[in-house]
Amino acid sequence: MASAVWGSAAWWGPPPPAPARPLTDVDFCSGAQLQELTQLIQELGVQESWSDGPKPGADLLRAKDFVFSLLGLVHRRDPRFPAQAELLLLRGGIREGSLDLGHAPLGPYTRGPHYDAGFTLLVPVFALDGTGPELQLDLESCSAWLRLPELVREAPERGAWQDCLGPPAPDGRDWILQTRSEANDREQRNSVAPPHGSVPEPEPHERLRQAPRDLPGTDVPDDGSPRSDIPEAAAAECPIPTPSEAREEWPTLCPAQVAAWFFATLAEVAKSLTPVPAAPRLVHAARHAGFTTILLTTPGPPRRLLLFDLIPVVSVTGWPEGARSHSWAGPLATETPSFYLAPGGGGEPPGTSRWQLCFARQELALKARVPAPLLQAHAAAQALLRPLVAGTRTAAPYLLRTLLYWACERLPALYLARPENAGACCLGLLDELGRALEAGSLPHYFLNGRKLYAGASSVGLLAALAQLRGDPAQALRAAVEEAKVARKGGGLAGMGSGAH
């Protein structure tokens, strides 16, 4: 009897072999299981959640209030510091890519053994309307000069900042800013989200735990004069031309001088502080290039050591022509757009008056729109990068943050939002960072056609990054253990009475 057939094969025969399924859960470079990497990344996020929850703990709130009160005392000592300013607090320090300061000397601070959590605080010391003639931007270097006329808003600003003035800016490089009305006519703006939220240099952790005074910079209180890791030539007073109302002769506000003034004034205030029981204590302060780093101990329990990078900035109302106006998340500029001018990373010659453009407020809005798994992957990549960049002047941490934005522009949102893809995203960010370091630069996310530069130490970092990619699982395990130490307040271990 003829057999029944289905197509060309007998129905009672063995089923045809299933199509080969590619093994996609293994990292080709290291052989690591992507599922294991994802689990480690998620564990790292859990261990770091004590400082990243929707409601900060009481110790963090007390530390923030202490810093704000400290800045109030700075105003009392020097009225040039504004009595009321819109401070911007960012989660993560400069060593974790919170801000683009180029290749700045970042000081001997290592998260875990030296401090438990880091923050960045932008402190406006001067406000400027970007539509006025005082601002001159350099399209090529992503920087700006702030020129001071004899009077600003009918106030003698030049005289008040006499010790922070530099030579006139080079002529012929004006970059016009949009007025608010022009920006409103061009597109409908959305509101920027409210603020939400380490390239350490190697230092034996016993030294910092037992005596923070071993760190370079100024420890407070101190019987001597403030110290700094900035060469004296960089802090020397800039030459000031004879005052003239000709625009090209206006002197500039020198960022190195402003940073030196801010640090010196804060150090004087810190020396006069009297410890208060059950309140945070300032145990260390130091200047590194254009910013000041302070360490606070919290009363606990558990006692923690918190790091704050304080950056004197200039707040500018307006939006630069040629800057990106939209992102994958929507408009970048609000109805009242603004950006900052921050001191550069210390690579400029002494006396240079160029400020670096900073879009920190816009980055807060972008971070709020990044899918959670990708944010976890980025945090893990930063944790892996920290020991590699110890002691260098590389801009790699901020390059990695910029790659986060480019990933959101390039990749499907559904892919980035899948929790099981966190391991692959982390490795992808590290691989992209390696390519950027090899090229020596990365396209600037906010300034069209401009580049961010990696710095001279990128060659050595490439070799270290390649070694890490050989065993990312082991590096992630070490990062998890570091986070556990920080969660317990490990940065204070061994300090005892040695902290002051």
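Residues numbered from 1 in each chain as written. Predicted model: local features only at pLDDT ≥ 70, side-chain atom pairs only at ≥ 80, totals over all residues. Heavy atoms only, no water.

Let us look at the overall build of the chain. Broken down by element type, the chain carries 14 helices and 19 strands. Across the 500 residues that make up the chain, the buried fraction comes to 51%. Approximately 21900 Å² of the chain is accessible, and the part contributed by carbon and sulfur atoms is 55%. (Helix = DSSP H or I, 4+ residues; strand = E, 2+ residues; numbered from the N terminus. Buried < 20%, exposed > 50% of the residue type's maximum accessible area, 1.4 Å probe, protein only. Areas by Shrake-Rupley, 256 points an atom, 1.4 Å probe, with all protein chains shown as cover.)

Time to look at the packing of aromatic side chains. With the rule as written, the count across this model stands at eleven aromatic pairs. Arranged with centres 4.9 Å apart and planes meeting at 15°, the rings of Phe359 and Phe446 form a pair that is stacked. Remark: Phe446 occurs in the loop between β18 (441–443) and β19 (451–453) and Phe359 occurs in the loop between β17 (355–358) and α8 (360–369); sequence separation between them is 87 residues. With a centroid separation of 6.4 Å and an interplanar angle of 70°, the aromatic rings of Tyr405 and Phe446 are classed as edge-to-face. Remark: Phe446 occurs in the loop between β18 and β19 and Tyr405 occurs in helix α10 (residues 396–410); sequence separation between them is 41 residues. (Phe/Tyr/Trp six-rings, centres within 6.5 Å; stacked < 30°, edge-to-face > 60°.)

Let's shift gears to the confidence of the model for the chain. A low pLDDT score tells you not to read the predicted coordinates there in detail. When pLDDT is averaged across the chain, the result is 76; 72% of the residues are at 70 or more. Note that residues 172–244 has pLDDT below 50 and, in this model, 219 contacts with residues that lie over four places away or in other chains. (pLDDT = per-residue confidence, 0-100. Contact = heavy atoms within 4.5 Å.)

Scanning the entire structure with this criterion turns up 18 salt bridges. For Glu36, the salt bridge goes to Arg477, with nearest N and O atoms at 2.6 Å. A salt bridge links Lys484 to Glu481; its shortest N-O distance comes to 3.5 Å. Placement of the pair is Lys484 and Glu481 together in helix α14 (residues 472–487), with a separation of three residues, close to one helical turn. On the accessibility criterion, Lys484 (29% relative accessible area) is partly exposed. Given the relative accessible area of 45%, Glu481 is considered partly exposed. In this structure, a network of salt bridges that share partners links the residues Glu48, Glu96, Arg111, Arg386 and Glu482. (Salt bridge = Lys/Arg side-chain N within 4 Å of Asp/Glu carboxyl O.)

This paragraph deals with helix α7 (residues 255–271). Along an α-helix, residues three or four apart share an orientation, since each turn contains 3.6 residues. Between its first and last C-alpha, α7 extends 24 Å over 17 residues, near the 24 Å set by a 1.5 Å rise per residue. With 13 of 17 residues buried, α7 is to be regarded as a mostly interior element. (Expected span 1.5 Å × (residues − 1).)

Turning our eyes to something else, we now look at the packing of helix α9 (residues 372–385) against α10. Taken N-terminus to C-terminus, the directions of α9 and α10 make an angle of 160°; their axes are 10 Å apart at the nearest point. Relative to α10, the element α9 is oriented roughly antiparallel. Of the two possible hands of crossing, α9 and α10 adopt the one that is right-handed. In this structure, α9 uses Leu374, Leu375, His378, Ala381, Gln382 and Leu385 to contact α10, whose residues at the interface are Ala396, Pro397, Leu400, Arg401, Leu404, Ala407 and Cys408. Looking at the contact of α9 with α10 residue by residue, the class counts come to ten nonpolar, two polar and one charged. (Axes fitted to C-alpha atoms, helices over the stretch in contact; angles between N-to-C directions. Parallel < 35°, antiparallel > 145°, perpendicular 65-115°, else oblique. Left-handed = near helix turned anticlockwise from the far one by under 90°. Nonpolar A, V, L, I, M, F, W, Y, C, P; charged D, E, K, R; others polar.)

Given a rise of 1.5 Å per residue, 14 residues ought to cover 20 Å, and the 20 Å separating the end C-alpha atoms of helix α1 (residues 34–47) matches this to within 8%. For α1, the complete set of buried residues consists of Leu34, Leu37, Thr38, Leu40, Ile41, Leu44 and Gln47.

Another aspect to go through is the pairing of strand β16 (residues 338–343). Most of β16 is tucked away, with six of its six residues classed as buried. When strand β12 (residues 305–317) meets β16, the two strands line up antiparallel, connected through four bridges. By the bridge assignment for β16, Val316 is matched with Phe339. (Pairing = 2+ DSSP bridges.)

Glancing now at the packing of α1 against helix α12 (residues 422–439). At a minimum axis distance of 7 Å, the contact between α1 and α12 shows a crossing angle of 90°. Here α12 runs roughly perpendicular to α1, going by the angle between their axes. Contacts from Leu34, Leu37, Thr38 and Ile41 of α1 reach α12 at Ala422, Gly423, Ala424, Cys426 and Leu427.

Below, the discussion takes up the state of the cysteines. Throughout this description, disulfide means a covalent bond between two cysteine sulfur atoms. This structure, assessed with the given rule, holds zero disulfides. Cys164 forms no disulfide, and the closest cysteine sulfur to it belongs to Cys254, at a distance of 7.9 Å. Residue classification places Cys164 among the buried residues on the basis of a relative accessible area of 0%. The thiol sulfur of Cys425 is not disulfide-bonded, and the nearest other cysteine sulfur, from Cys426, lies at 8.8 Å. You can call Cys425 buried: its relative accessible area is 8%. (Disulfide = S-S within 2.5 Å.)

Although it is not a glycine, Ala278 sits at a positive phi angle of roughly 60°. Relative to the assigned elements, Ala278 resides in the loop between α7 and β10 (281–288). With a phi close to 55°, Ala289 is a non-glycine residue in the positive phi region. Within the secondary structure, Ala289 sits in the loop between β10 and β11 (291–297).

Consecutive side chains along a regular strand alternate between the two faces of the sheet. Taken across its 13 residues, β12 has eleven buried, putting it largely inside the fold. Pairing of strand β4 (residues 117–129) with β12, which is carried by twelve bridges, proceeds in the parallel orientation. Its bridge partner lying in β12, Phe119 is registered against Phe308. Bridge count for β11 against β12 is six bridges, and the pairing is antiparallel. Across the sheet, the residue bridging to Leu295 is Leu307, located in β12.

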